[in-house]
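The lines below spell out each chain.
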Amino acid sequence: MSDIIRTDVVIIGAGPVGLFAVFELGLYDLKCHLIDILDRPGGQCAELYPEKPIYDIPAWPEISGQALVDRLMEQIKPFSPQFHFNRMVTRLERQADGGFHVETDEGEIFEAKVVVIAAGGGSFQPKRPPVPGIEAYEGTSVFYSVRRMEAFRDQDVMIVGGGDSALDWALNLQHVAKSLTLVHRRAEFRAAPDSVKKMFELVDSGGISFELGQVTGLKGENGELSAVTLKGPDGEKELPATRMLPFFGLTMKLGPVAEWGLNLHENLIAVDTEKFETSEPGIFAIGDINWYPGKLKLILSGFHEAALMTQAAKRIVSPGERVVFQYTTSSTSLQKKLGVQ
Ligand code: FAD
């Protein structure tokens, strides 16, 4: 078992609302660890609409999904939050002392006095490509994310897809793989133009092979992949591959949140509107994952919920300490914490 990671607050989900919660909690000296299934911060903003403009963030007449995430990351920097990406929180259990153990699918255990669920629409789960028998290879040769690059060292790696994840990993894994083939059904890509340019440069210099087509079959034994059948413009062919990474996008499912014994309202976590606490004292839910009468799934609602949640969280982490409300404009103590004094 891994060492227990102790902290004041564990935030499940590093979407915009989880990120802003770090700021509010930080003003009250509460230290946070954030856990997210994705490989980067930003939740829906970064994953579903990074380049789309948002028009209803207060004081930002227009800001893209990714720019909002970048600004939030900058704003919370003074509080040094610890991020744990590529991990799904699978268990949440109250301990005898009233605190909580939060467990991930990577086997880490976090011990916290307060848990904030900012899990948005639930867990993003990879879309499985329609290849017969692919399940038999999942987790041994076929992966939907890269947790450790070393797992791909000296392998014949095939990456399937045309978005940012496919291109980013093609560029990164070509350094460690024995061979790397990128497969996409079209010659046009949805990824950042710079990544596409770099990828074609590597194709020209022989670092990466690019194949136009679709995967139609897998060959191997006992979950160990040896070759992949591709159907392209010139018909079918077989290519060697010992690892395959399909990047076909993500869907959102409530996931393990449903199993944590919290009162739910139509697949959302029911909370009060004073503290945004769930049916379990010490476990709060903010952002798109919660429900209360009149709830609007807007980023600004989540920001407000984070501020009120913090008042209650502080009372749990520091019992007996007076919770003093202060403005950042006039409080020198808050300004010191923000590093502007
Ligand atoms: P999310 O952004 O969903 O983030 C939740 C995070 O939790 C995810 O990263 C997920 O991976 C993680 N997670 C979930 N379960 C687990 C688990 N078990 N373990 C670990 N991690 C977990 N809102 C506006 O206010 N204005 C707009 O103009 C606007 N436009 C939108 C346009 C589109 C196309 C979409 C899809 C949404 C839009 N929204 C808009 C809604 C807005 O994006 C959401 O309200 C916001 O993202 C909610 O933030 P959140 O942090 O609560 O959740």
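Residues numbered from 1 in each chain as written. Predicted model: local features only at pLDDT ≥ 70, side-chain atom pairs only at ≥ 80, totals over all residues. Heavy atoms only, no water.

In the annotation of an unreviewed UniProt entry, the protein is listed under the name Ferredoxin--NADP reductase and assigned to Phyllobacterium leguminum. What UniProt states about the protein under its Subunit (unreviewed entry) heading is, verbatim, "Homodimer." Under the UniProt heading Sequence similarities (unreviewed entry), the note attached to the protein is "Belongs to the ferredoxin--NADP reductase type 2 family." (UniProt positions renumbered as here; feature names shortened; annotations may be inferred.)

A. Region of the structure containing the UniProt feature "binding site: FAD" (unreviewed entry) in the protein. Sequence positions flagged by UniProt for "binding site: FAD" (unreviewed entry) are, in local numbering, Asp36, Gln44, Tyr49, Val89, Phe124, Asp288 and Thr329. With a sequence span of 294 residues, these residues are also far apart in the fold, their greatest C-alpha distance being 37.9 Å. Relative to the helices and strands, Gln44 resides in helix α2 (residues 43-47). For Gln44, a relative accessible area of 24% translates into the label partly exposed. If we skip the residues at most four places from it in the chain, Gln44 touches Tyr49, Gly121, Phe124, Met252 and Asp288. Following the sequence through the fold, Tyr49 ends up in the loop between α2 and β3 (53-54). Ignoring sequence-local partners within four residues, the contact set of Tyr49 consists of Gln44, Ile54, Gly65 and Ile299. (Helix = DSSP H or I, 4+ residues; strand = E, 2+ residues; numbered from the N terminus. Buried < 20%, exposed > 50% of the residue type's maximum accessible area, 1.4 Å probe, protein only. Contact = heavy atoms within 4.5 Å.)

B. Quick look at the pattern of salt bridges. Tallied over the entire structure, the rule returns 21 salt bridges. A salt bridge links Arg91 to Glu103; the nearest nitrogen and oxygen atoms lie 3.5 Å apart. Here the residue Arg91 occupies a position in strand β6 (residues 89-94), and Glu103 occupies one in strand β7 (residues 100-104), the gap between them amounting to 12 residues. Here Arg91 falls in the partly exposed class, since its relative accessible area comes to 38%. A salt bridge links Glu211 to Lys237; the shortest N-O distance between them is 2.8 Å. Placement of the pair is Glu211 in strand β12 (residues 209-212) and Lys237 in strand β15 (residues 235-240), with a sequence separation of 26 residues. The exposure class of Lys237 is partly exposed, given its relative accessible area of 40%. Connected through salt bridges with shared partners, the residues Arg91, Glu93 and Glu103 form a single ionic network. (Salt bridge = Lys/Arg side-chain N within 4 Å of Asp/Glu carboxyl O.)

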